[in-house]
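Architecture at a glance
The primary structure of each chain is shown beneath.
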Amino acid sequence: MTRSRVSANLGRMADFYDNFLDESHRLLRTSCRRFAEAEIRPHVHDWEEAGIFPRELYTKAAAAGVLGVGFPEELGGSGGGALHQLMSLEGLMRGTSTGVAAGLGSLGIALPALVQSGDHGLAERFVRPALRGEKIACLGITEPGTGSDVAGVATRARREGDHYVVNGAKLFITSGVRADFMTVLARTGDDPHGGLTFFVLEKEMPGVTVSRSLKKTGWWASDTAELAFSDVRVPVENRVGPEGSGFKTLMRNFQTERLALAAYGVATAEIALEESMRYVRERKAFGRPIAGFQVTRHKLADMATQLLAAKTLTYQVATRMDRGEYVVKEVSAAKNLAAEVALAVTYEAVQLHGGMGYMRETVVERLARDARLLPIGGGTQEVMKEIIAKSMGF
Amino acid sequence: MKILVAFKRVIDPDARIKLTADKTAVDTESVEYKANPFCENALEEALRLKEEHDGEVVLVSLGGEDITQTIRAGLAMGADRAVRVEIEDKALDSDLAARIFAAVYKEEEDVDLFIFGKQAVDGDNNQVGQLTAQYLGLPQACFASEVEVDEDAGEATVTREVDGGLETLAVKLPAVITADLRLNTPRYAKLPDIMKARKKEIEELDLDDLEIEDTALKIEVVSLEEPPKRKGGEIVGSVDALVEKLKNEARAL
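Summarised in this report is the structure supplied together with it. Quantities reported herein were computed from a predicted structural model and do not represent experimental measurements. (Residues numbered from 1 in each chain as written. Chains lettered and ligands numbered in written order. Predicted model: local features only at pLDDT ≥ 70, side-chain atom pairs only at ≥ 80, totals over all residues. Heavy atoms only, no water.)

1. Focus: the overall build of chain B
The helix and strand tally for chain B stands at 6 helices and 11 strands. Along the three orthogonal principal directions, the C-alpha set of chain B runs to about 70 × 45 × 40 Å. Here chain B holds 253 residues, and the buried ones make up 45% of them. When the accessible surface of chain B is split by element, carbon and sulfur atoms take 46% of a total near 13800 Å². (Helix = DSSP H or I, 4+ residues; strand = E, 2+ residues; numbered from the N terminus. Buried < 20%, exposed > 50% of the residue type's maximum accessible area, 1.4 Å probe, protein only. Areas by Shrake-Rupley, 256 points an atom, 1.4 Å probe, with all protein chains shown as cover.)

Okay, here's the thing in structure tokens:
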């Protein structure tokens with residue numbers, strides 16, 4: 001596989017975003033990108049085909065300071081805000097596999113509830129080891145019977161003395177197959193929202209089983225599980241925050257997750273565009289490089305325009321989040337736009353690659369498959385639209 | 001220990017480059033820059049030695065204000081401070097660079113080691129470390145693949161890669177060492193260190209601030225040529241045809 005050699009051509013466009021960034025953002029992006037190019041990219045094809053990446057990648061990423069961006073330094077994180085997180089995700093995506101990025105990044109959705117609870121015990125037992133890359137974390141919200149409508153969560157936790165007894169199932173859990181612990185949303189009361197509470201379930205607890213390792217359209221290198229909980233006895237100290245605090249915590253963390261998915265979308269489109277720019281200069285048809293055809297150049301122009309819009313909005317939203325502004329409408333819009341752009345740009349990238357674009361050895365083939373999840377995961381496109389419409393007064 | 005590290009910015013070696021119209025330089029209009037990989041090895045080794053022996057790591061860079069971002073990247077890796085000598089890239093050759101490095105060395109006091117990358121991947125000259133050692137009258141150990149320092153003995157043991165094997169040298173400190181790629185794997189800059197690097201000092205010097213007797217350039221780039229375009233491959237029909245072509249066209253047999 002040839003290395004992408006076109007970064008210089010997008011170089012000036014990259015400067016365009018520098019209004020949003022200071023030196024710390026640029027240095028972090030370079031550092032994370034270097035990590036991805038050295039530690040992920042050379043192996044990514046094998047890992048994708050194997051459906052898993054080596055566990056050591058977690059500790060390597062932790063040692064390189066890639067895992068802890070956005071988490072407090074006091075707990076072993078790297079500090080930094082939303083834009084810094086954006087930089088680390090963009091950098092990691094340079095491995096060219098959303099699955100690897102999302103698998104490494106599953107702590108990004110699993111840990112915030114624990115951190116926000118302020119619980120010292122949870123921080124020591126779970127947050128620190130996960131940020132060191134020693135324990136793998138996952139988040140369990142979706143169930144066989146409920147997805148976007150969180151009020152439908154049916155997994156139950158019944159108090160029995162100093163334990164809770166948990167029964168239920170969770171579906172589509174990123175990193176769930178080999179996670180050492182799971183941040184699980186369960187029902188402790190009947191109120192649709194007020195009756196929800198987070199618990200940390202551990203792999204070794206009797207009654208926790210991985211019922212299935214799921215085969216997916218894309219994100220092959222990340223393991224995805226269906227989990228079953230049968231009379232799992234969970235000590236009270238594994239409860240995250242007070243009973244009934246689950247829904248509020250969840251709402252608070254949705255924004256970060258949506259921003260992360262927007263970041264995947266932007267990075268996907270950017271890499272697909274760069275790969276296409278390289279390919280159309282090399283590939284010849286009718287005696288000249290296909291870059292010589294107007295239809296090709298116009299495709300590239302459309303792809304660049306869409307990328308420009310999605311990336312600008314995403315960076316703008318992250319900047320606003322770092323200022324502490326309430327941007328639930330805008331982050332939902334960024335997630336939707338980035339997802340749509342990722343789909344559109346990867347579609348055209350595959351088209352420009354022709355037959356090669358349909359081959360599994362080609363980067364854009366993977367990106368196109370991986371992108372299909374973006375309008376589904378982390379809140380569907382339709383749910384994002386409901387949020388946007390609601391905030392417009394409808 | 002006090003360690004100086006020469007730290008150079010180069011055009012991204014993986015980027016496609018163009019020559020200027022007069023063909024004496026690379027067109028820098030839209031290129032991206034990186035730290036020279038060998039300089040990163042030099043810095044990494046300095047940081048490891050500092051972790052082992054305590055002390056200070058000082059970056060020394062030559063260039064205009066726009067190399068500050070590369071210097072910050074080095075500070076984010078863990079160097080303590082930096083010295084930037086203001087000079088245009090095209091006003092430099094290896095000899096003047098070495099004279100400037102030697103002058104900075106004399107300004108800084110009690111230096112134990114001056115570590116360079118074995119060469120910069122842009123000019124590939126591979127002589128600045130050696131020249132600096134010469135101008136300072138210091139022992140040199142170039143192309144290091146392993147470095148150990150015995151502070152009490154005032155000595156460094158350097159394994160260097162030579163044709164067909166390894167050579168081990170003991171050099172008295174202070175000394176000049178140049179780093180090869182296999183010396184180490186440079187660390188990634190982490191966000192907390194990136195934040196700390198913002199506050200680290202970059203001292204700025206002009207040539208006039210330094211005592212350099214001879215600032216004349218010894219080398220003039222007359223012209224640069226792009227490598228010849230590769231011709232497309234050809235599929236031949238038989239082994240005989242292949243042998244014939246290897247013999248008569250490629251003259252490889």
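2. Description of the overall build of chain A
Scanning chain A from terminus to terminus reveals 14 helices and 10 strands. Computed over its C-alpha atoms, the radius of gyration of chain A comes to 21 Å, within 12% of the 21 Å expected for a compact globule of 394 residues. Per-residue burial for chain A yields a buried fraction of 55% across its 394 residues. Across chain A, the fraction of contacts at a sequence separation of at least 24, relative to all contacts at a separation of at least 6, is 77%. With the model as given, the accessible surface of chain A reaches about 16100 Å², and the carbon-plus-sulfur share is 54%. Positive and negative charge centroids in chain A, built from 48 and 46 side chains respectively, lie 5 Å apart. (Rg over C-alpha atoms; globule rule 2.2 N^0.38 Å. Contact = heavy atoms within 4.5 Å. Lys, Arg positive; Asp, Glu negative; His and termini not counted. Charge placed at Lys NZ, Arg CZ, Asp CG, Glu CD.)

3. Here we look at the interface of chain B and chain A
Each partner contributes residues to the interface: chain B has 22 residues there, and chain A has 27 residues. When the two sides are added together, the surface that chain B and chain A hide from each other amounts to roughly 2300 Å², 51% of it contributed by carbon and sulfur. Our count for the chain B to chain A interface comes out at 3 salt bridges. Close ionic contact of A:D22 with B:R198 constitutes a salt bridge, the shortest N to O distance being 2.5 Å. The interface formed by chain B and chain A holds 6 residue pairs in polar contact (both at pLDDT 80 or more) in total. Listed by contribution, the elements that provide at least two residues to the side of chain B that touches chain A are α2 (68-77) and α5 (191-197) of chain B. (Buried area = accessible area lost by both parts, 1.4 Å probe. Salt bridge = Lys/Arg side-chain N within 4 Å of Asp/Glu carboxyl O. Polar contact = N/O pair within 3.5 Å; in protein donor to acceptor, adjacent residues only side chain to side chain.)

4. A closer look at unusual backbone geometry
Going from B:L173 to B:P174, the amide bond is cis rather than trans, its omega being -5°. Turning to its location among the elements, B:P174 is positioned in the loop between β9 (165-172) and β10 (175-179). In this model, A:D231 sits at a positive phi of 45°, which is unusual for a non-glycine residue. Residue position: A:D231 is located in strand β7 (residues 224-235). At B:D54, a position not held by glycine, the phi torsion is positive, near 65°.

5. Quick notes on the nonpolar core
Within the largest apolar cluster, 160 residues are counted, with the highest numbers of intra-cluster contacts made by A:I40, A:L104, A:L111, A:L114, A:L201 and B:L113. A total of 17 residues in this core trace back to one element, the largest contributor, which is helix α10 (residues 246-282) of chain A. Ignoring sequence-local partners within four residues, the contact set of A:I40 consists of A:F35, A:W47, A:L57, A:L92, A:G95, A:V100 and A:L104. Judged by nonpolar contacts, the second largest core, of 27 residues, contains B:V60, B:A97, B:I100 and B:F101. (Core = buried A, V, L, I, M, F, W, Y, C linked by side-chain atoms within 4.5 Å.)

6. Section: a nonpolar patch on the surface
Residues and elements named next belong to chain A. Together, M356, Y358 and M359 give the surface a local cluster of nonpolar side chains, amounting to about 330 Å² of exposed area. Within the fold, M356 resides in the loop between α12 (328-353) and α13 (363-371). A relative accessible area of 34% places M356 in the partly exposed class. (Patch = residues over 30% accessible without salt bridge, like charges linked within 9 Å, V, L, I, M, F, W, Y side chains within 5 Å.)

7. Examining the packing of aromatic side chains
All names here are of chain A. Within this structure, the stated rule accounts for 13 aromatic pairs over all chains. Measuring from centroid to centroid gives 4.8 Å for F126 and F181, while their planes differ by 50°, and the two rings are tilted. Of this pair, F126 sits in helix α9 (residues 120-131) while F181 sits in strand β4 (residues 181-187), placing them 55 residues apart in sequence. On the basis of relative accessible area, F126 is assigned to the buried category, the value being 1%. Classification of F181 as buried rests on a relative accessible area of 0%. Each ring, one from W219 and one from Y264, has its centre 6.1 Å from the other, and the planes form 90°; the classification is edge-to-face. In this pair, W219 sits in the loop between β6 (208-213) and β7 while Y264 sits in helix α10, placing the two residues 45 residues apart along the sequence. Assessed through its relative accessible area of 8%, W219 is described here as buried. The class for Y264 is buried, based on a relative accessible area of 6%. Residue placement shows R178 over the ring face of F53; its charged tip is 4.7 Å from the ring centre. (Phe/Tyr/Trp six-rings, centres within 6.5 Å; stacked < 30°, edge-to-face > 60°. Lys NZ or Arg CZ within 6 Å of the ring centre and 35° of its normal.)

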